[in-house]
Amino acid sequence: MKPILQVSGLTKRYGPGCPECLRRTGALHETNQCPHCRSIIACREITFDLFPGEVLGIVGESGSGKSTVVRLLHFDDEPTQGEFRIKLNGSAGAACNPDPGRNLFALGAFERRQIRNAHMGIVYQNARMGLRLKVSAGGNIAERLLMAGWRHVGQMRQRAAELLIATEVPVLRIDEPPQHFSGGMQQRVQIAKALSTRPAVLLLDEVTTGLDVSVQARVLDLIRSLQQETGVATIVVSHDLGVIRLLTSRTIVMRHGCIVEQGLSDQILEDPQHPYTQLLVNSML
Amino acid sequence: MPLTTAMPTQPNLPSTHWRAGMPSARKRYSYAFLDEGAKREIRRKLLKAVAIPGCQVSFGSREMPIARGWGTGGLQLTLSLIGPDDVLKVIDQGSDDSVNAVNIKKFVRNVTGVPLTTDTRVATLIQTRHRIPEEPLHANQLLVFQVPIPEPLRLVEPSERKTRRMHAEADYSRMWLYLYEDIVRFNEITVGARYPVMVNGRHLMDPSPIPRWDVARLNQSEALLLFCAGREKRIYAIPAHTDVEPLSFEDFAFRVENFHGHCCSRCGCAGSFLDEVIVDESGRRTFICSDTAYCEKMRRRGAAADAAQEENR
Ligand SMILES: Nc1ncnc2c1ncn2[C@@H]1O[C@H](COP(=O)(O)OP(=O)(O)OP(=O)(O)O)[C@@H](O)[C@H]1O
Ligand SMILES: [Mg+2]
Ligand SMILES: [Zn+2]
Ligand SMILES: [Zn+2]
């Protein structure tokens, strides 16, 4: 099987940078900050593939660079270095279907936006990042559809209603702004929005962090069943190994911006190799 | 975009051999008030605006002897473009006689000596606020709009840096979302004046506060349409024969104002944009053409036709 996403050498530095940066940061040095120029190497030389239908986990402590990776893949931020390729079904070369050989980071902002609108969905930890809290729930979903070129109000409302049903948000609240929704419901609206255009890739960044435990379980169940139904290739970012265990088949462990271990989730959880992963797994027990 | 400093070659731009007819009484100012540097800058920015239809171009706005917000933008364009061969018409909400229109007209005549007219067909340069003249414009005319707020996205995004990025990437989903929410709440698009339009399939543009009636008439115009905001220092343009499309949905089409079969009570014509006015103390209302010069022309034409009928009898 051919990967749907190929990421290689992805590096993001915040700060001016100096020749020392890469040599004096990373998991071995126990820091992501260059002692010489104070730049943060938020992630470095991240390389992985994502396969069609797969759910890949990225786990690691706070500040290890998980969100940075996801933000870069969603073109929310510019990488310092790295390549990113996407291989979709259908004819390459069409407007939103780039040549699988093209490095997407080398494309202009307009083309990247087109690709993102057509093929990617994202759910952020904070609903404030992913939703316009004062715009109606239906409008939030419609915004994504509008970005993808929909121009029929009736069809957009129909699609929004279908998605709210699928994500178990009461359809009667379609015209209410999510600012008064509960945290769990806001996340459901974000998920509905992310899935509205039937993306090929779904990015989930700490989707359940900050929710009550009982609400967490229901949202995770929902994600699992929607993922199985749609078969959307998914990247799940979490610092919670429970989430990783429940949702993912393969996992990347990050520390100080580096990948320290990767493999099948079951194996990583049963038999962690890297001392840091062992610490993570033991602390979960 | 490479800018040429040469004089505009657009067939629509009027001749600028003003020195020929320069009257001596106006020697206190340069011809047309603005110094040559200011005019040159505006013309240069205009070339860029014409080359990228609907795209806002910033320019160094000058102080004008009228208050900002009273058409200083439109006036600077007019003064930069006008020449002794021009015939000027100025309207404010369709009227040639409003104080604002009269002040601008008198000022331009004092600094240029150009003849004034109220007849749309005769004018070569028309400065307007809030209307497009009712009579169709032709290729040798320029229409200069006074613009209060040039940024159509200001409604949805206060940050200039962000609206610039949105234009650069043709990312207009926020504006579309605004219209969608409008429909969800009111079952129609309630945006009245300043209805957003797509120019040449690329740039979202604020047409200035003209009625929808006139928004529909921006499309495939024969005349060059120029827009200028003095306070915000922006120029933009719609060249002749350019597609101008009001934003609308497949199931919520753009509609112009409907006068429900009313005619103008002064000239009797149907098919012009009407103002509703109160005619007496009892509050009785009637409709009259918003374009006063057009109304007068139609009224005379009607009277002449009546007279001819009389004679034939
Ligand atoms: N805009 C920024 N400017 C400077 N440093 C940043 C910026 N964004 C992130 N960082 C730094 O990059 C590093 C990685 O941050 P990131 O948000 O990717 O971590 P994370 O693994 O998602 O952590 P968490 O679990 O807390 O969400 C951190 O040290 C962070 O402080
Ligand atoms: Mg994070
Ligand atoms: Zn450094
Ligand atoms: Zn009339």
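Here is what the cut-offs are and how they apply
- Residues numbered from 1 in each chain as written.
- Chains lettered and ligands numbered in written order.
- Predicted model: local features only at pLDDT ≥ 70, side-chain atom pairs only at ≥ 80, totals over all residues.
- Heavy atoms only, no water.
- Contact = heavy atoms within 4.5 Å.
- Buried area = accessible area lost by both parts, 1.4 Å probe.
- Salt bridge = Lys/Arg side-chain N within 4 Å of Asp/Glu carboxyl O.
- Polar contact = N/O pair within 3.5 Å; in protein donor to acceptor, adjacent residues only side chain to side chain.
- Helix = DSSP H or I, 4+ residues; strand = E, 2+ residues; numbered from the N terminus.
- Nonpolar A, V, L, I, M, F, W, Y, C, P; charged D, E, K, R; others polar.
- Donors = N, O, S within 2.8 Å, 3.2 Å for Na, K, Ca; no water.
- Buried < 20%, exposed > 50% of the residue type's maximum accessible area, 1.4 Å probe, protein only.
- Pairing = 2+ DSSP bridges.
- Axes fitted to C-alpha atoms, helices over the stretch in contact; angles between N-to-C directions.
- Near = heavy atom within 4 Å.
- Areas by Shrake-Rupley, 256 points an atom, 1.4 Å probe, with all protein chains shown as cover.
- Phe/Tyr/Trp six-rings, centres within 6.5 Å; stacked < 30°, edge-to-face > 60°.
- Lys NZ or Arg CZ within 6 Å of the ring centre and 35° of its normal.

Visitor: What should I look at first to understand the interface of chain A and chain B in this one?
Guide: You'll often see interface size given as the accessible area lost when the parts meet. Each partner contributes to the interface: chain A provides 19 residues, whereas chain B provides 16 residues. For the pair chain A and chain B, the summed buried surface comes to about 1600 Å²; carbon and sulfur atoms form 62% of the total. On the chain A side of the contact with chain B, A:Arg113, A:Arg151 and A:Val153 bury the most area, a combined 37% of that side's loss. Across the contact surface, chain A and chain B share two salt bridges. Between B:Glu169 and A:Arg113 there is a salt bridge whose closest N-O contact spans 2.5 Å. At the boundary of chain A and chain B, one finds seven residue pairs in polar contact (both at pLDDT 80 or more). Among the secondary structure elements, those contributing two or more residues to the side of chain A that touches chain B are helix H2 (109-119), helix H4 (137-147) and helix H5 (153-166) of chain A. With six residues, the single largest contributor to the side of chain A that touches chain B is H4(A). Here the residues of the side of chain A that touches chain B are counted per class, giving eight nonpolar, five polar and six charged.

Visitor: Would you mind going over the coordination of the zinc ion (ligand 3) with me for this structure?
Guide: For a metal with four tetrahedral donors the ideal donor-metal-donor angle is 109.5 degrees, while six octahedral donors give ideal angles of 90 or 180 degrees. Residue and element names in this part refer to chain A. On the protein side, the zinc ion (ligand 3) has Cys 18 (SG), Cys 21 (SG), Cys 34 (SG) and Cys 37 (SG) as donor atoms, found 2.2 to 2.4 Å from it. Here the donor residues for the zinc ion (ligand 3) map to a single chain with the spacing C-x2-C-x12-C-x2-C. Here Cys 18 matches Cys 21 in class, with each residue buried.

Visitor: I'm lost on the sheet that holds strand E8 (residues 234-238) of chain B in this one. Help?
Guide: Backbone hydrogen bonds hold the strands of a sheet together, and the pairing may be parallel or antiparallel. Residue and element names in this part refer to chain B. Here we have six strands laid out as an open sheet, ordered E1-E8-E7-E4-E3-E2, and mixed in their pairing. What marks the edges here is a single partner per strand, and that holds for strand E1 (57-58) and strand E2 (88-92). With two bridges joining them, E1 and E8 adopt antiparallel strand pairing. From the neighbouring strand, Val 57 faces E8, where its bridge partner is Ile 235. Where helix H2 (residues 72-81) meets the sheet, it contacts E2, strand E3 (125-129), strand E4 (142-146), strand E7 (224-229) and E8, and its direction lies at approximately 130° from that of E7.

Visitor: Honestly, the side chain of A:Arg116 in this entry has me stumped. Any pointers?
Guide: Residues and elements named next belong to chain A. Structurally, the position occupied by Arg 116 is in helix H2. For Arg 116, a relative accessible area of 14% corresponds to the buried category. Side-chain polar atoms of Arg 116 contact the backbone oxygen of His 74, separated by 3.0 Å. The residues contacting Arg 116, other than those within four sequence positions of it, are His 74, Phe 75, Asp 76 and Arg 144.

Visitor: I would appreciate a short explanation of the site of ligand 1 in the present structure.
Guide: Residues and elements named next belong to chain A. Taken together, 14 residues form the shell around ligand 1, and within it Ser 62, Gly 63, Lys 66, Ser 67 and Thr 68 come nearest. Between ligand 1 and Asn 32, the relevant distance is 3.1 Å, taken from an oxygen atom to a side-chain nitrogen or oxygen of the residue. Contact with the protein chains removes 64% of the 630 Å² of surface that ligand 1 exposes when unbound. In terms of residue count, the dominant contributor to the shell around ligand 1 is helix H1 (residues 66-73) (four residues).

Visitor: I tried to follow the coordination of the zinc ion (ligand 4) on my own but got confused; where do I start?
Guide: Residue and element names in this part refer to chain B. Protein coordination at the zinc ion (ligand 4): the donors are Cys 264 (SG), Cys 267 (SG), Cys 289 (SG) and Cys 295 (SG), at 2.2 to 2.4 Å from the metal. Read from N- to C-terminus, the donor residues coordinating the zinc ion (ligand 4) fall into the pattern C-x2-C-x21-C-x5-C. With a gap of 22 residues between them, Cys 267 in the loop between strand E9 (244-246) and strand E10 (274-278) and Cys 289 in strand E11 (residues 285-289) connect regions that are remote in the sequence. For Cys 267, a relative accessible area of 16% puts it in the buried group.

Visitor: Any chance you could explain the side chain of B:Lys39 here in plain terms?
Guide: With respect to the helices and strands, B:Lys39 occurs in helix H1 (residues 36-51). Within the local environment of B:Lys39, its side chain forms a polar contact with the side chain of B:Glu36, the two groups lying 3.0 Å apart.

Visitor: Would you mind showing me how to read the pairing of strand E1 (residues 5-14) of chain A here?
Guide: All names here are of chain A. Examined bridge by bridge, E1 and strand E4 (residues 81-86) share five bridges and lie antiparallel to one another. Counterpart to Gln 6 in the pairing with E4 is Arg 85. Bridging between E1 and strand E2 (residues 40-50) involves seven bridges; their strand directions are antiparallel. Bridge pairing in E2 places Leu 10 opposite Ile 46.

Visitor: Which parts of the structure should I look at to understand the packing of aromatic side chains?
Guide: For any pair of aromatic rings, the description rests on two quantities: the centre-to-centre distance and the angle between the ring planes. Tallied over the entire structure, the rule returns 11 aromatic pairs over all chains. On the basis of an interplanar angle of 70° and a centroid distance of 4.9 Å, the ring pair of B:Tyr195 and B:Phe254 is categorised as edge-to-face. With B:Tyr195 in the loop between helix H5 (173-186) and strand E5 (197-199) and B:Phe254 in the loop between E9 and E10, this pair connects stretches of sequence that are 59 residues apart. Here B:Tyr195 and B:Phe254 have matching classes, each one buried. An aromatic cluster is built from A:Phe75, A:Phe84 and A:Phe105, whose rings are joined through pairwise contacts. The lysine or arginine in question, A:Lys12, covers the ring of A:Tyr14, its NZ or CZ lying 5.0 Å from the ring centre. Taking the ring centre of B:Trp176 as reference, the NZ or CZ of A:Arg151 above it sits at 4.0 Å.

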